[in-house]
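Structural overview for review
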Amino acid sequence: MQGQSADLISSLLPLVALFAIFYFLIIRPQQKQAKAHKAMIAELKKGDKIVTNGGLMVEIIKVEETFLIVKNHDNTEMKLMKEFVAKLLD
């Protein structure tokens, strides 16, 4: 009986190690990146220049609860969901 429990532990140990590797190399950095992106979206304000997921570089005119009103370089106004902001330009 005691040999079977030691055999079970030794067979589960590589699976636990594999999960730990996945957690620290894939899951945890992805969670940190999502948290940083959410914080960046929460801090957007009028006048900020952003890049959308589609590659458009636009300027924020108005910040709403779930949308942004943005202006293109030719003064075209568009409504953009906050989730589609890729990054904030300096």
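Residues numbered from 1 in each chain as written. Predicted model: local features only at pLDDT ≥ 70, side-chain atom pairs only at ≥ 80, totals over all residues. Heavy atoms only, no water.

Looking up the protein chain in an unreviewed UniProt entry gives the name Sec translocon accessory complex subunit YajC, with the organism given as Malaciobacter mytili LMG 24559. The record held by UniProt for the protein chain lists under Sequence similarities (unreviewed entry) the comment "Belongs to the YajC family." (UniProt positions renumbered as here; feature names shortened; annotations may be inferred.)

1. Side note on the environment of Leu44
Secondary-structure assignment places Leu44 in the loop between α1 (2-42) and β1 (49-52). By relative accessible area, Leu44 is classed as buried at 7%. Sequence separation of Leu44 and Phe22 is 22 residues, and the distance between their C-alpha atoms is 33 Å. Leu44 has contacts with Ile50, Ile60, Val63, Leu68, Val85 and Leu88, leaving out every residue within four places of it along the chain. (Helix = DSSP H or I, 4+ residues; strand = E, 2+ residues; numbered from the N terminus. Buried < 20%, exposed > 50% of the residue type's maximum accessible area, 1.4 Å probe, protein only. Contact = heavy atoms within 4.5 Å.)

2. Some thoughts on the sheet that holds strand β5 (residues 85-88)
Reading across the sheet, the five strands line up as β4-β3-β2-β1-β5 and stay open at both edges, with antiparallel pairing between neighbours. Each edge of the open sheet is held by one strand with a lone partner, namely β4 (77-81) and β5. If you compare each strand with its neighbour and ignore which way they point, the axes differ by 45° on average. In the sheet, β1 pairs with strand β2 (residues 57-63) via three bridges, with the strands oriented antiparallel. Paired with Val51 across the bridge in β2 is Met57. (Pairing = 2+ DSSP bridges. Axes fitted to C-alpha atoms, helices over the stretch in contact; angles between N-to-C directions.)

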